[in-house]
Amino acid sequence: YTNVLELSLQDSLILKPIIAQGGSGIVLLEKKTLEHQIETHANTLLNQGYIHQEIIIQHPEISKIHPNCVNTLRIETYIDKEKKTNILSAVMRFGINNNFVDNINTGGFNISVNSNTGRCCNK
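Residues numbered from 1 in each chain as written. Predicted model: local features only at pLDDT ≥ 70, side-chain atom pairs only at ≥ 80, totals over all residues. Heavy atoms only, no water.

1. Some points on the pattern of salt bridges
Following the criterion strictly, the structure yields 2 salt bridges and no others. Here Arg93 ties to Asp102 by a salt bridge, and the two come within 2.9 Å at their closest N and O atoms. You'll find Arg93 and Asp102 in the same group, each marked buried. (Salt bridge = Lys/Arg side-chain N within 4 Å of Asp/Glu carboxyl O. Buried < 20%, exposed > 50% of the residue type's maximum accessible area, 1.4 Å probe, protein only.)

Listed below in C-alpha cells is the structure:
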C-alpha cells in the first residue's frame, strides 16, 4: 500500500465493515489500483455494509513513527452521576510494517499517554 502521506484525498477511500472488529476487513481503495481491487474484493464489497471514510493526513512528526496508516489517540471515558466526564485511560496506537491500520490485532502497538500531561509514558 501507498504511504498515507502520498495519497491524494480525492484518490483514496477507507472502507470499514460495520460488523467487524480488530481492524479486520478494512479496505483501502485507491484510484490507481481500483480495477484490481474491485476484482479482488467485489463479492465482499457488494454483500457487506461499510462505513466510508475519507483519508486524513496526520501530523508529519507522527508519520515519522509509522507513515502507512493514521495512528490514533484513543481515550476511554465515562460520565459519572454528576454528569462529569472522567478519563479511564489514554493510549497512542501505531501500525507496523505496511499495515494501513493501527490495530493490535494486526500487529500494531500502543503506548500509554498521561492524561494530565499529554505525554507518552510507561505504565
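2. Observations concerning the side chain of Asn68
Mapped onto the elements of the fold, Asn68 is located in the loop between helix H2 (60-63) and strand E4 (73-79). A distance of 2.9 Å separates a polar side-chain atom of Asn68 from the backbone oxygen of Asn97. A distance of 3.5 Å separates a polar atom in the side chain of Asn68 from a polar atom in the side chain of Asn98. (Helix = DSSP H or I, 4+ residues; strand = E, 2+ residues; numbered from the N terminus. Polar contact = N/O pair within 3.5 Å; in protein donor to acceptor, adjacent residues only side chain to side chain.)

3. Some words on the sheet that holds strand E6 (residues 109-113)
Read across the sheet, 4 strands follow the order E4-E5-E6-E7 without closing on themselves; strand pairing throughout is antiparallel. What marks the edges here is a single partner per strand, and that holds for E4 and strand E7 (120-121). Where strand E5 (residues 85-94) meets E6, 4 bridges bridge the pair, whose relative direction is antiparallel. Bridged to Val91 within E6 is Ser112. (Pairing = 2+ DSSP bridges.)

4. Side note on the environment of Asn122
Locating Asn122 in the fold gives a position in the segment after E7. Assessed through its relative accessible area of 78%, Asn122 is described here as exposed. Sequence separation of Asn122 and Ser112 is 10 residues, and the distance between their C-alpha atoms is 6.3 Å.

5. Here we look at the sheet that holds strand E1 (residues 12-17)
Overall, antiparallel pairing links the 3 strands, which are arranged E2-E1-E3 in an open sheet. This sheet does not close on itself; its edge strands, each paired only once, are strand E2 (27-30) and strand E3 (50-54). Each adjacent strand pair in this sheet contributes to an overall mean axis angle of 25 degrees, direction not counted. Across 5 bridges, E1 lies against E3 in antiparallel orientation. Across the sheet, residue Pro17 finds its bridge partner in E3, namely Tyr50. Contacts from helix H1 (residues 34-47) reach E1, E2 and E3, with the element oriented near 145 degrees to E2. (Axes fitted to C-alpha atoms, helices over the stretch in contact; angles between N-to-C directions. Contact = heavy atoms within 4.5 Å.)

Interpretation note: all reported values are geometric properties and have no functional meaning in isolation.
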